[in-house]
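Understanding the architecture of this molecule
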Amino acid sequence: MHLSTQCKAAVGVALAAASALLLSACSSSGSPQSGGGGSSAASFSESSSAACAAGATEGAVDYWSTTDPDDFAKEIAPFTKENPDITVTYTNIQPTDATQRLITEAQAKHALSADAMTMDLASASPLFQAKLVQDVDYAKLGIPSNLIQTTSGVKIYRVFRDLIGIAYNPKITKPADLPTTWDQLLDSKWQGKVIVDPRGVYVGGLAAAWGEQKTEDWFTGFLTTAKPQVVKGATASLQEIASGQALLSTSAAASAVLQAQKSGAPVDITYLDAITSQDKYAMLVKGAQHPQAAQCFLAWWGSSEGQAQQLAVEYKANQDKPDTVPAGAKLGFVTTAKEQDTVDTTTAVLAQDMAQ
């Protein structure tokens, strides 16, 4: 099923408004008019030790992400101990809100209030277009090469890769009774027993593995045959699985399942023949007020120590291809803007299908 004429018109208006905002946020030469202190290109990508030494004179770094503040405080304890002259000021903010705030500040030629952030490619897209992401040679900062990628001409690095699978209650559903393919969910035996998120955000990622049309066709069959329960969010869906209100959930991020297990909930996760993930990326803001301190922090955040802290506190891993991926499974990991566009478009269609 495709977007309605009214929906397409609304999307067109939104895109036009966004384009106008982005154009006004940039000068005629394409450079952002941020009002930020910033630094010359020569001050970037020297080494982590050089960045930390210079960052100590800046004294602070403003970092934005969606991590729970208490969890983040636990995660960065080693960094704070190692860098006592750099204070990390943390803002818990949704990615789309962060993007809008920075673009608004740039448009008004105000000092940018974030130095570095972690977000998904879709939410960061307007920032790349507005040239508000600083190109950094993260390899010189010690970030492993497999985590670094170039998007819109600037380098960023992956902070975590959280696999999406199917959650179930092992006390109720035996592993032998679980589906092994997505097509096996198109069976009336699962009618009313499977959870789907109303935003389409977990199953929409299948478009990266299958393409838009196949994903939409599969989802139409899923809605018709399985008649899923609509529950928003991974946490809420896992509560339904643990209580036996549903047998399976398509809203299952590996980190959320592991966290629920640690709290004693009877939940587990399995992966089917196409696997997607939620990937988040770290980036330095162009025009940052504390660019050296930000590089020092990002170098640590992507280091083995920083990654270990993230895994221990948030249960989020960062493997290219996790060991839990079944042999022969098709991977739908989004790493390019084109793939992200396909997933975004498909997700919007699936959400509309559920709303009808």
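Keep in mind it's a predicted model, so treat the numbers as computed, not measured.

Examining the side chain of Lys316
Along the polypeptide, Lys316 turns up in the loop between helix 12 (304–314) and strand 12 (330–332). Contact partners of Lys316, with chain neighbours within four places excluded, come to Phe160, Asp162, Ser255, Gln310 and Leu311.

A short note on unusual backbone geometry
With a phi angle near 45°, Lys227 is a residue other than glycine that sits in the positive phi range. One can find Lys227 in the loop between helix 8 (212–225) and strand 8 (229–230). For Tyr315, which is not a glycine, the phi torsion comes out positive at approximately 65°. Here Tyr315 is to be found in the loop between helix 12 and strand 12.

Overview of the packing of aromatic side chains
All told, the structure shown has 18 aromatic pairs when counted by the stated rule. Measuring from ring centre to ring centre gives 5.5 Å for Trp182 and Trp218, while their planes differ by 90°; the resulting arrangement is edge-to-face. A residue pair is termed long-range when its members are at least 10 positions apart, and Trp182 in the loop between strand 6 (154–168) and strand 7 (194–196) and Trp218 in helix 8 qualify at 36 residues. This pair shows no difference in class: Trp182 is buried, exactly as Trp218 is. When the ring of Trp300 is compared with that of Trp301, the centres are 6.0 Å apart and the planes differ by 25°; the resulting orientation is stacked.

Points about the environment of Ala256
Tracing the backbone through its elements, the reader meets Ala256 in helix 10 (residues 254–262). For the pair Ala256 and Ile269, spaced 13 residues apart in the sequence, the C-alpha separation amounts to 10.0 Å. Setting aside its immediate chain neighbours within four residues, Ala256 contacts Ala234 and Leu238.

Scoring rules and cut-offs
Within any chain, residue numbers begin from 1 and follow the written order of that chain's sequence. The predicted nature of this model means local features are confined to residues of pLDDT at least 70 and side-chain atom pairs, given and counted, to a pLDDT of 80 or more, with totals for whole chains, interfaces and linings taken over all residues. Excluded from the side-chain calculation are hydrogens and water; included are all heavy atoms of the structure. The helix and strand labels rest on DSSP assignments: H or I over at least four residues marks a helix, E over at least two residues marks a strand, and numbering proceeds from the N terminus. Two residues qualify as a contact provided that any one of their heavy atoms is within 4.5 Å of a heavy atom in the partner residue. Note on aromatic contacts: the rings of Phe and Tyr and the six-membered ring of Trp form a pair at centre separations within 6.5 Å, being stacked when their planes are under 30 degrees apart, edge-to-face when over 60 apart, and tilted otherwise. Partly exposed residues are those whose accessible area sits between 20% and 50% of the maximum for their type, while under 20% is buried and over 50% is exposed, using a 1.4 Å probe and protein chains only.

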